[in-house]
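Commentary on secondary and tertiary structure
Given next are the chains, with one letter for each unit.
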Amino acid sequence: MSPLPDRIVLVVILVFAVSWSRWEDKVLGREIALLDDDGLSRQIHLQRGRHMLANGLGRTPQMGWNGWNHFHCDVDENLVREIADAMVSTGLHKLGYEYVNLDGCWAESSRDNEGNLVPSKSKFPSGMKAVADYIHGKGLKFGIYSYAGVSYGTGQPGSLGSEDRDATAFASWDADYLKYDNFHNDSMSERERYLRMHNALAKVKRPIFYGVCDWGVDDPATWAGPIGNSWRTTRDIRNSWASMTSNADKNDAWASYAGPGGWNDPDLLEVGNGNMTTEEYRSHFSIWAIMKLAVSKFAVSRLHAITFKLIRECFGLIFKQLHSRTSFSSSAVSSLNGL
């Protein structure tokens with residue numbers, strides 16, 4: 001039998017290639033609608049064969065400030081405004097640091113008569129909406145905190161059983177980020193508790209980055225992709241070389257699960273908190289980048305000159321590592337020109 005003409009072979013190859021591309025786009029790179037147990041439709045993105053939440057957030061790792069590792073409960077609206085001012089005046093916002101996130105202790109110990117969370121009257125007398133407005137006025141984003149339980153040591157009420165009410169409150173305050181912690185779970189599984197808040201956030205009209213913080217106790221990298229934009233893979237970090245390297249080692253098993261839309265989180269950077277050397281902090285910063293993690297949430301007391309210099313030194317490495325392993329927008333990369 002005579003061989004097929006070259007033109008026919010080429011046409012067959014092109015048709016196969018186009019068909020494969022369409023199948024791959026449909027299966028691996030497009031949004032699909034899934035149905036939760038409660039009938040709520042949610043959009044899921046398939047990233048390299050894994051379900052990833054497609055709420056339009058977390059296309060690059062979340063970056064910004066969280067004060068827990070330095071201030072713990074000693075945070076008020078004046079400090080938050082000071083941090084927002086510093087992030088802009090130092091130019092860190094131009095490097096991608098955009099979130100100013102509260103952690104625990106921002107609320108009164110009891111809900112009001114209608115069951116609503118109440119911002120601390122001594123720490124946040126202006127209310128959360130005013131704090132969010134100030135942060136947004138600086139071109140930054142505002143993060144709030146709650147947990148998938150009933151109560152814990154600081155006295156702030158949890159959101160378990162009040163997910164819809166609290167998600168509505170966070171949206172009404174124009175929150176952009178929710179860190180959802182893991183205390184007093186009432187013997188309910190992590191997956192069930194974190195899915196409930198995901199469903200509540202999906203009902204509000206405001207896009208809110210959802211940080212699943214179950215301390216890695218149930219291997220969230222394997223199941224949190226469809227419901228959250230990041231997930232904790234470790235217990236809380238401590239400001240020491242041993243703790244930092246331990247968290248890095250534990251996180252290593254889940255590196256392949258991170259990507260646009262959903263990120264591993266081995267906890268806050270400790271850079272600037274004073275217990276490690278500059279060289280150790282530089283290594284800490286670089287390791288978080290190499291693992292394509294959420295390289296964010298530096299918990300510095302103030303933006304000291306040495307800390308700012310270290311961040312700028314390391315930032316080039318971060319984007320070289322992350323850009324080579326994930327898809328980043330050109331605007332994110334071009335913001336580093338001149339560094």
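The structure displayed is predicted, hence computed values, not measured ones.

A word on the environment of Arg111
Relative to the elements of secondary structure, Arg111 occurs in the loop between strand S5 (99-101) and helix H4 (128-137). When the C-alpha atoms of Arg111 and Pro157 are compared, they prove to be 7.2 Å apart, with 46 residues separating the residues in sequence. Setting aside residues up to four positions removed in sequence, Arg111 forms contacts with Asn116, Leu117, Val118, Pro157, Gly158, Ser159, Ser162, Arg165 and Asp166. Separated by 2.9 Å, the side chain of Arg111 and the backbone oxygen of Gly115 make a polar contact. Within polar-contact distance, the side chain of Arg111 engages the side chain of Asp166 at 2.8 Å.

Focus on the state of the cysteines
Two cysteines joined by a covalent bond between their sulfur atoms form a disulfide. Scanning all chains against the criterion turns up one disulfide. Here Cys73 pairs with Cys105 through a disulfide, and the sulfurs are 1.8 Å apart. With Cys73 in the loop between helix H2 (68-71) and helix H3 (77-89) and Cys105 in the loop between S5 and H4, this pair connects stretches of sequence that are 32 residues apart.

Here's the deal with the pattern of salt bridges
Going through the model one piece at a time under the given rule, you end up with 15 salt bridges. Glu190 is the salt-bridge partner of Arg193, the closest N and O atoms lying 3.5 Å from each other. You can see Arg193 and its partner Glu190 sitting in helix H6 (residues 190-203), three residues apart, about one turn around the helix. Taking relative accessible area as the criterion, Glu190 reaches 14% and is therefore assigned buried. The closest approach of N and O atoms between Asp218 and Arg191, which form a salt bridge, is 3.3 Å. Taken together, the residues span a long stretch of sequence, with Asp218 in the loop between strand S8 (209-212) and strand S9 (230-232) and Arg191 in helix H6 at a distance of 27 residues. Several salt bridges share partner residues, and in doing so they unite Lys129, Asp133, Asp174, Asp176 and Arg206 into one network.

What to know about the pairing of S8
Neither face of S8 is left uncovered, since the one carrying Phe209 and Gly211 and the one carrying Tyr210 and Val212 both have all their residues buried. For the crossover that starts at strand S7 (residues 177-181), traverses H6 and ends in the parallel S8, the hand is right-handed. Taken together, the two bridges between S8 and S9 define a ladder with parallel strand orientation. Residue pairing across strands places Gly211 opposite Ser230, the latter belonging to S9.

Focus: the packing of helix H7 (residues 241-251) against helix H8 (residues 278-290)
Relative orientation of the contacting elements H7 and H8 amounts to 15°, with a least axis distance of 11 Å. Looking at the two axes, H7 sits roughly parallel to H8. Note on packing geometry: the crossing formed by H7 with H8 is left-handed. Two secondary-structure elements touch here, H7 through Trp241, Met244, Asn247 and Ala248 and H8 through Glu280, Ser283, His284, Ile287 and Trp288. When grouped by side-chain class, the residues that make up the contact of H7 with H8 number five nonpolar, three polar and one charged.

Focus on helix H5 (residues 163-172)
Among the residues making up H5, those that are buried are Glu163, Asp166, Ala167, Ala169, Phe170 and Ala171. Where H5 is buried, its residues touch strand S6 (141-147), S7 and H6.

Structural notes on the packing of aromatic side chains
This model, assessed by the stated rule, comprises twelve aromatic pairs. Ring geometry for Tyr180 versus Tyr194: centroids 5.5 Å apart, planes at 85°, classification edge-to-face. Of this pair, Tyr180 sits in strand S7 while Tyr194 sits in helix H6, and the two are 14 residues apart along the sequence. Accessibility assignment for this pair places Tyr180 and Tyr194 in one class, buried. For the ring pair Tyr180 and Tyr210, a centre distance of 6.1 Å and an interplane angle of 50° mean the geometry is tilted. In this pair, Tyr180 sits in strand S7 while Tyr210 sits in strand S8, placing the two residues 30 residues apart along the sequence. Note on accessibility: Tyr180 and Tyr210 belong to one class, buried. Among the aromatic side chains, those forming a connected cluster through ring pairs are Tyr180, Tyr194, Tyr210 and Trp223. Taking the ring centre of Tyr134 as reference, the NZ or CZ of Arg81 above it sits at 5.4 Å.

Let's talk about H4
Three or more residues of H4 are buried, namely Met128, Val131, Ala132 and Ile135. What you see down the axis of H4 is that its buried residues fit within an arc of 95°, all on one side. Contact partners of the buried residues in H4: H3, S5 and S6. Residue Gly139 follows H4 closely and has a positive phi angle near 80°.

Description of the pairing of S7
Most of S7 sits inside the fold, with five of its five residues counted as buried. The alternating pattern of S7 places Tyr177, Lys179 and Asp181 on one face and Leu178 and Tyr180 on the opposite face, and all of these are buried. Two strands pair when backbone bridges link them, and S6 and S7 are joined in this way by five bridges, in the parallel orientation. Bridging across to S7, Ser146 finds its partner in Tyr180. Of the pairings in the sheet, the one linking S7 to S8 comprises four bridges and is parallel in character.

The rules we used
- Residues numbered from 1 in each chain as written.
- Predicted model: local features only at pLDDT ≥ 70, side-chain atom pairs only at ≥ 80, totals over all residues.
- Heavy atoms only, no water.
- Helix = DSSP H or I, 4+ residues; strand = E, 2+ residues; numbered from the N terminus.
- Contact = heavy atoms within 4.5 Å.
- Polar contact = N/O pair within 3.5 Å; in protein donor to acceptor, adjacent residues only side chain to side chain.
- Disulfide = S-S within 2.5 Å.
- Salt bridge = Lys/Arg side-chain N within 4 Å of Asp/Glu carboxyl O.
- Buried < 20%, exposed > 50% of the residue type's maximum accessible area, 1.4 Å probe, protein only.
- Right-handed = clockwise from strand over helix to strand, strands pointing away.
- Pairing = 2+ DSSP bridges.
- Axes fitted to C-alpha atoms, helices over the stretch in contact; angles between N-to-C directions.
- Parallel < 35°, antiparallel > 145°, perpendicular 65-115°, else oblique.
- Left-handed = near helix turned anticlockwise from the far one by under 90°.
- Nonpolar A, V, L, I, M, F, W, Y, C, P; charged D, E, K, R; others polar.
- Phe/Tyr/Trp six-rings, centres within 6.5 Å; stacked < 30°, edge-to-face > 60°.
- Lys NZ or Arg CZ within 6 Å of the ring centre and 35° of its normal.
- Arc of directions from axis to C-beta.

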